[in-house]
Amino acid sequence: MALTFEKTKGLTEVSTHYCPGCTHGIIHRLVGEVLEELGVLDKAIGVAPVGCSVLAHEYFSCDMFGAAHGRAPAVATGIKRSVPDSVVFTYQGDGDLAAIGTAEIVHAATRGEKITTIFVNNAIYGMTGGQMAPTSLPGQVTDTTPYGRDTGVAGFPIHVSEMISTLDGPAYVERVSVDSVKNVLKAKKAIKKAFEYQIAGKGFTMVEVLSTCPTNWGLSAAEALNWLRDNMIPYYPLGVKKDIAGEMK
Amino acid sequence: MGEKVLMKGTEAIGEAAMRANCQCFFGYPITPQTELAAYMAKHMPKAGRVFVQAESEVAAINMVYGAGGAGVRCMTSSSSPGVSLKSEGISYIAGAEVPCVIVNIVRGGPGLGSIQPAQSDYFQATKGGGHGDYHMPVYAPSSVQEMADLMQEAFDVADEYRTPCMIMGDGMLGQMMEPVEFTERTPRQLPPKDWAASGLRGRQHHNAINSLYLQPEELEKHNIDLQAKFQKIKENEIHYELHKCDRDNDVIIAAYGTTARVCKNAIKLAEAEGIKVGLVRPITLWPFPDVAFEETVNKTRFGYLTVEMSAGQMVEDVRLAVNGRKPVTFYGRMGGMVPDPVSILERVKQMMDGEVR
């Protein structure tokens, strides 16, 4: 029988620990497929964060680092500067990147580090059991905002992609979603473009991926996808936020 | 033989690091070590190497984690408050067994403290600093020449044992100008860095630089392995100097770094008065040279006087090493004040008169 589909070589044989309905698995697969399709698995080095994807170093088949909470962009800087021909990516959640690691992501971006950040935004701290994230929506109920996120007390969510795209260092910043087949395919395109820019030495690239957390949102897998579509996408508009190729036209 | 040049301590560290084939320097400005970063900024790019001014000490140590984990010789430097910030990263580096060198040009604390020389980071450097059961070799030079020599040694030890190493100086040593000779060292036989995460490049299994072990059985085994490594370092990497300890002394002083030099002056003053004083100078603060006290415990009549620019930190290790066999007393200055030879001699005399125990 002809082989029509095959798991990407970018991922190992280890079964992931992600909850049913969580979209981390899809995003892992997209990154693995892109690295394989670009033929760079042999010189790719990934940096896993602290958060739900803390075990990502077991799932990607390329060389990997586990970073301290929020520090992945600094670790990636050290890797890329010391091994310039490598293809380096960080894989970070919203707490890791947009709270404790805000300084690291902003400065890696503004230095124009030739790395790619995959920023998984599911508007909650998943691993610790559902606390408010820097990207939790106004009014969103979490463990630490049991009456809903009151912006007068807990402040406002950060639009990370918009913020990063104001800097001069980034070459490409796009926000995508994995709530539907159509959007998953778009997400893959964006991730591929980000890595292509890195390989071409254009500068810092980031793809923000709107993602689900059915467990801590208290929803079924299908309901979670609907919640993402109905609540997150209106607040975090999808699309290209910065593209230096576009600017050059 | 190499040429003799006049250099500042901080610059000698930079030059020695470059001669030790350090490929990357990641730093953040803080007094009194900024000249080292400036030296590296000037010379590393010209040599085709990497200098990055990080956004914080936290970022700098994590850049070191990345470069060191990719198998490349690298370093960072800072001063006390900055090293506190680096301590999280140093714990990860020790846990993930990443070779690198960290320079601490110590200044007075706690908190923002002062910018004057101090030795009040001894506990932080030798007893952990960051979280978890770890140690790292800590070198305490007492001259610009020794700063240069130990820098190269630290890089070799880091690579041999897959460990962070610290060079601990103080503002005095960093700013002092002295002649230095960069000699060709016999390089150690170092193991290949087959553990490094620098891309598969044909390798069949992937490497991961990581300090996470979720299963307690695995984490305990990792800790047992780390402890075995620390034991090996203790057995092989202790350095110390004995000064005038081959005679029967009235008192032996224990001191390191800048303070040891002041103590040597106090020993000269003592000799003029017919008082015999020796000096044990630990060069590695961890592993601590217990053996130096074994060798000298019968060479002192009134015991040991530990002198530090702190409230008394190394004195605890001296007491453990002497283990009650002789009295151990302490004299220290704090907050950036440097002990003077006359006051040290005064303390020696008080010990001899039985006034301090």
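Before any of the text, the structure's been laid out above.
The model shown is predicted, which means the values in this text are computed figures rather than measured ones.

Caption draft 1: Inspection of the sheet that holds strand E3 (residues 50-53) of chain B at higher detail. Residues and elements named next belong to chain B. If you trace the seven strands from one edge of the open sheet to the other, you get E3-E2-E4-E5-E7-E6-E13, paired in mixed fashion. Every interior strand has two partners, whereas the edge strands, E3 and strand E13 (284-286), have only one. Of the strands in this sheet, strand E4 (74-78), strand E5 (100-106) and strand E7 (164-170) are in contact with helix H4 (residues 80-96), which crosses E5 at around 160°.

Caption draft 2: Representation of the interface of chain B and chain A in the model. Taken together, the contacts link 36 residues of chain B with 29 residues of chain A. Secondary-structure elements contributing two or more residues to the side of chain B that touches chain A are strand E2 (24-27), E3, helix H3 (57-69), H4 and strand E9 (208-209) of chain B. By residue number, the principal contributor to the side of chain B that touches chain A is H3 of chain B, which donates nine residues. Residue composition of the side of chain B that touches chain A, grouped by class: 20 nonpolar, 13 polar and three charged. Across two bridges, strand E2 (residues 63-66) of chain A lies against E9 of chain B in parallel orientation. Residue pairing for E9 of chain B: Phe65 of chain A is matched across the bridge by Ile209 of chain B.

Caption draft 3: Layout of the packing of helix H1 (residues 9-19) of chain B against helix H6 (residues 144-161) of chain B. Residues and elements named next belong to chain B. Relative orientation of the contacting elements H1 and H6 amounts to 30°, with a least axis distance of 8 Å. The orientation of H1 relative to H6 falls into the category roughly parallel. Along this stretch, H1 crosses H6, giving a crossing that reads as right-handed. For the pair formed by H1 and H6, the contact residues are Gly9, Ala12, Ile13, Glu15, Ala16, Ala17 and Arg19 on the first element and Val144, Met147, Ala148, Met151 and Gln152 on the second.

Caption draft 4: Spatial organisation of the sheet that holds strand E12 (residues 277-282) of chain B. Residue and element names in this part refer to chain B. The five strands lie next to each other as E10-E12-E11-E14-E15, forming an open sheet whose pairing is mixed. Two strands bound the open sheet, and with one partner strand each, they are strand E10 (240-243) and strand E15 (328-332). Strand-to-strand, the axes of this sheet are offset by a mean angle of 20°, without reference to chain direction. With four bridges joining them, E10 and E12 adopt antiparallel strand pairing. Residue His243 lies in a different strand from E12, and its bridge partner there is Leu279. Sheet strands touched by helix H11 (residues 314-322): strand E11 (251-254), strand E14 (304-308) and E15. Its angle to E14, the strand with the most contacts, is close to 160°. Strands in contact with helix H12 (residues 341-352) are E11, E12, E14 and E15; relative to E14, the strand with the most contacts, it is inclined by about 155°.

Basis of the calculations
- Residues numbered from 1 in each chain as written.
- Chains lettered and ligands numbered in written order.
- Predicted model: local features only at pLDDT ≥ 70, side-chain atom pairs only at ≥ 80, totals over all residues.
- Pairing = 2+ DSSP bridges.
- Helix = DSSP H or I, 4+ residues; strand = E, 2+ residues; numbered from the N terminus.
- Contact = placed C-beta atoms within 7 Å.
- Axes fitted to C-alpha atoms, helices over the stretch in contact; angles between N-to-C directions.
- Nonpolar A, V, L, I, M, F, W, Y, C, P; charged D, E, K, R; others polar.
- Parallel < 35°, antiparallel > 145°, perpendicular 65-115°, else oblique.
- Left-handed = near helix turned anticlockwise from the far one by under 90°.

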